[in-house]
Amino acid sequence: MVKNLLYRLYERQLLNDVRRRPIPRHVGLIQDGNRCFARETGVSDPREGYLLGAAKTEEVLTWCAGLDIPVVTLWWLSTENLTREPDEVVAILRVIEQKMAEWMQGGFVKQLQIRVRPIGKLELLPASTRQVLQGIDSATQHHDRMLLNVGVGYGGRQEIVDAVRRYLQDRFMRQDSPEEVLRELTPETVDKFLYTYDCQDPDLIIRTSGEVRLSGFMLWQSAYSEFYFCDAYWPAFRKIDFLRAIRSYQRRDRRFGH
């Protein structure tokens, strides 16, 4: 009881500290460690680990909403993840389908006014997963408190390739000359064709599980982001871990390459 009381007092202090300073407008989350957490806690079914991770996602989104963070980007499944053992891929996709249905039917996204937008190579996913993702995208378009980008079949390199391809397709449709196409290929034009074309770049990217790398997450958009790496596995990520990440961001002098 004493430990819990001290924890709550510390959490309240952190929250007060964070609210006194500018809050990041876009937070990216690399939710790593679901499988490791499941193994270390004796969970034999990998799907249970992903369900625990999905429950934590709901918690963290509630924390983000409490700080009025308007844009959050999550990474649920990478293009590389699609090459894992088929049973594991199926388990991840089933959890995604289940949670998306629960979020709509249970009112989670309506309560927090979250607009859910899937990003990635959705055509690589099974039809059932695409249908659920497209359904929640359509059903939440009018929600205006938080934009939630969810990366499913997402890879940062592939996003850049897709952006350049769409730019070239657009210019070819206009029958522009090669000289014009090359002259106007700038970082600003590529920005307009990214999956997150209408979002500011992430201010802060948090990765759990102790891994100190991006693994391809938002490679283009993260050029000037601040990073925070946390040792906790994603299902064990606490509110004080989240608030510490925000506080760490607030204490940094952002130079944006200067």
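Q: How should I be thinking about the overall build of the protein chain in this particular structure?
A: Counting its regular elements, the protein chain contains 10 helices and 6 strands. Expected size for 258 residues packed as a compact globule is a radius of gyration near 18 Å; at 19 Å, the protein chain falls within 12% of this value. Taken along the three principal axes of its C-alpha coordinates, the protein chain extends 70 × 45 × 35 Å. For the protein chain, the share of sequence-separated contacts (at least 6 apart) that also reach a separation of at least 24 residues comes to 79%. Between the averaged position of the 37 positive side-chain charges in the protein chain and that of its 35 negative side-chain charges there is a distance of 6 Å.

Q: Even after reading the chapter, I still don't get the sheet that holds strand S6 (residues 226–229), so can you show me in this structure?
A: Sheet strands line up and pair through hydrogen bonds in the backbone, either parallel or antiparallel. Taken together, 6 strands build an open sheet; the order of strands is S3-S4-S2-S1-S5-S6 and the sheet is parallel. Sheet topology places strand S3 (114–119) and S6 at the edges, where each strand pairs with a single neighbour. Strand-to-strand twist of the sheet, defined as the mean angle between neighbouring strand axes without regard to direction, takes the value 20°. As paired strands, strand S5 (residues 204–207) and S6 are joined by 4 bridges and run parallel to one another. Across the sheet, Ile205 pairs through a bridge with Phe227, a residue of S6. Strands strand S2 (71–78), S3 and strand S4 (146–154) of the sheet are contacted by helix H4 (residues 86–105), whose axis makes an angle of about 145° with S2. Here helix H6 (residues 127–139) sits on the sheet and contacts S3 and S4; the angle it forms with S3, its principal contact strand, is near 140°.

Q: Where do I start with H6 in this structure?
A: It helps to recall that an α-helix has 3.6 residues per turn; residues three or four apart then point in one direction. The first and last C-alpha atoms of H6 sit 18 Å apart over 13 residues, in line with the 18 Å expected at 1.5 Å per residue. Taken as a whole, H6 has its buried residues at Thr129, Leu133, Ile136 and Asp137. Seen along its axis, H6 keeps its buried residues to an arc of 105°; they face one direction. Opposite the buried face of H6, at more than 90 degrees from it, the exposed residues are Gln131 and Ser138. Contacts from the buried residues of H6 go to H4, helix H5 (108–112), S3 and S4.

Q: Where do I start with the packing of aromatic side chains in this structure?
A: Centre distance and the angle of the planes are the two values used to describe a pair of aromatic rings. Applying the stated criterion to the full structure yields 11 aromatic pairs. Aromatic side chains Trp75 and Tyr154 sit 5.9 Å apart centroid to centroid with 90° between the ring planes, which places their arrangement in the edge-to-face category. One end of the pair, Trp75, is in strand S2; the other, Tyr154, is in strand S4, with 79 residues separating them in the sequence. Judged by relative accessible area, Trp75 falls into the buried class, the value being 10%. Taking 6.4 Å as the distance between ring centres and 20° as the angle between the ring planes, the aromatic pair formed by Phe227 and Phe229 counts as stacked. We classify Phe227 as partly exposed; its relative accessible area is 27%. Residue classification places Phe229 among the partly exposed positions, given a relative accessible area of 32%. Here a set of aromatic residues connected by ring pairs shows up, and it is made of Trp63, Trp234, Phe237 and Phe242.

Basis of the calculations
- Residues numbered from 1 in each chain as written.
- Predicted model: local features only at pLDDT ≥ 70, side-chain atom pairs only at ≥ 80, totals over all residues.
- Heavy atoms only, no water.
- Helix = DSSP H or I, 4+ residues; strand = E, 2+ residues; numbered from the N terminus.
- Rg over C-alpha atoms; globule rule 2.2 N^0.38 Å.
- Contact = heavy atoms within 4.5 Å.
- Lys, Arg positive; Asp, Glu negative; His and termini not counted.
- Charge placed at Lys NZ, Arg CZ, Asp CG, Glu CD.
- Pairing = 2+ DSSP bridges.
- Axes fitted to C-alpha atoms, helices over the stretch in contact; angles between N-to-C directions.
- Expected span 1.5 Å × (residues − 1).
- Buried < 20%, exposed > 50% of the residue type's maximum accessible area, 1.4 Å probe, protein only.
- Arc of directions from axis to C-beta.
- Phe/Tyr/Trp six-rings, centres within 6.5 Å; stacked < 30°, edge-to-face > 60°.

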